[in-house]
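# Coordinates in review
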Amino acid sequence: MGDILSRLESDSVIVADGAMGTMLQEAGLPAGMAPEGWLLENPDAVRDVHRAYVEAGADLILTCTFGGTRTRLERSGLADRLTEINRWAVEIAREAAGDKAYVAGDIGPLGEFLAPLGKITYEQAADVFAEQAAALAEAGVDVLYIETMSDLNEVRAAVEGARQAGSGISVFATLSFDAHGRTNMGVRPEQAAETLLALGVDAFGANCGATLEMTEGAIVKMHEAAPQAPLIAKPNAGKPRLVGQEVVYDATPEDMAEYARRFVALGARVVGACCGSTPAHIAAVARAVRG
């Protein structure tokens with residue numbers, strides 16, 4: 001397939017995968033349990049999700065390591081297995097990807113505020129991110145993929161940690177924007193674009209978010225701020241709502257396909273989906289952007 005940076009710089013669009021957490025819940029992940037811990041005992045379930053996305057047309061799959069930092073694993077009593085979990089997640093994803101898809105080492109937020117709102121300092125945060133990034137890089141990911149961020153300082157720390165540990169591996173980063181057009185920490189899309197451009201990440205954009213329209217709005221602003229930058233769009237499958245005891249996402253595969261076309265027109269070079277999406281959504285996205 002060639003390296004991911006060369007692919008990113010070509011005219012083709014990279015189709016990313018969809019949700020992992022909601023797919024694992026359907027496969028039996030108990031409510032409240034960390035997917036990173038569950039994969040140790042249920043690797044086949046995680047591998048099956050990866051394979052389903054590859055078969056649907058994904059060129060890029062994210063490892064099951066969103067909560068793979070020490071700060072998050074400590075909550076489940078798994079901090080001492082950090083390296084094992086991250087490496088095992090990469091191996092599972094690599095088996096599913098074969099020679100058909102790139103493997104991204106997924107790095108999510110720390111789950112706590114940085115100082116002065118919280119206790120963890122910027123330097124400590126960078127070290128925590130570097131620890132996970134090192135485990136992912138050593139296991140052989142194609143890109144370090146920072147996602148669902150809301151605080152610019154945390155994004156900076158994550159990128160710094162990835163740079164410390166990644167040995168030249170490409171770095172992608174995305175933030176999540178809400179109904180007010182900002183992250184829940186008040187970051188505007190154009191502000192994020194300018195910061196990430198200055199940090200030299202290889203691609204950046206928006207993921208998660210409450211609605212497809214919100215993600216589109218963020219991508220519009222990012223494209224205006226950095227018109228030449230390769231953008232990433234990985235929205236939720238619509239706004240979640242509770243039906244009885246079940247969380248339902250309303251966006252259909254056709255809805256996701258239509259927005260994927262819009263994202264590409266706005267400069268997105270990586271398109272996929274986030275919470276509530278399925279392989280059917282990714283198959284529709286793949287058809288739309290390759291058609």
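Since the model is a prediction, treat every value here as computed from it, not as a measurement.

Turning next to the packing of aromatic side chains. In this structure the tally under the stated criterion is 2 aromatic pairs. Residues Tyr259 and Phe263 carry aromatic rings whose centres are separated by 6.1 Å and whose planes lie at 45 degrees to one another, so their mutual orientation is tilted. Placement of the pair is Tyr259 and Phe263 together in helix H11 (residues 253-265), with a separation of 4 residues, close to one helical turn. For the pair shown, Tyr259 and Phe263 are each scored as buried. The cationic tip of Arg262 hangs over the ring face of Tyr259; the distance from NZ or CZ to the ring centre is 4.3 Å.

Looking now at the sheet that holds strand E10 (residues 268-271). For sheets, the rule is that strands pair by backbone hydrogen bonds, running either parallel or antiparallel. Strand order across the open sheet formed by 8 strands is E1-E10-E7-E6-E5-E4-E3-E2, with parallel pairing between neighbours. Looking at the sheet topology across the chains shown, the edges are occupied by strand E1 (14-15) and strand E2 (60-62). Where strand E4 (residues 143-149) lies against strand E5 (residues 170-175), 5 bridges are found, and the strand directions are parallel. Bridge pairing in E5 links Leu144 to Val171.

Okay, unusual backbone geometry next. Leaving glycine out, the prevailing phi sign among residues is negative, and the prevailing peptide bond configuration is trans. For the bond from Ala115 to Pro116, the omega torsion is 10 degrees, close enough to zero to count as cis. Inspection of the secondary structure puts Pro116 in the loop between strand E3 (102-107) and helix H7 (122-139). Here the phi dihedral of Thr148 falls at roughly 60 degrees; this positive angle occurs in a residue that is not glycine. Relative to the elements of secondary structure, Thr148 occurs in strand E4. One non-glycine residue, Cys208, lies in the positive phi region at around 60 degrees. Note on placement: Cys208 falls in strand E6 (residues 203-208). Overall, the relative accessible area of 15% leaves Cys208 in the buried class.

Reading the values: the criteria
Residues numbered from 1 in each chain as written. Predicted model: local features only at pLDDT ≥ 70, side-chain atom pairs only at ≥ 80, totals over all residues. Heavy atoms only, no water. Phe/Tyr/Trp six-rings, centres within 6.5 Å; stacked < 30°, edge-to-face > 60°. Helix = DSSP H or I, 4+ residues; strand = E, 2+ residues; numbered from the N terminus. Buried < 20%, exposed > 50% of the residue type's maximum accessible area, 1.4 Å probe, protein only. Lys NZ or Arg CZ within 6 Å of the ring centre and 35° of its normal. Pairing = 2+ DSSP bridges.

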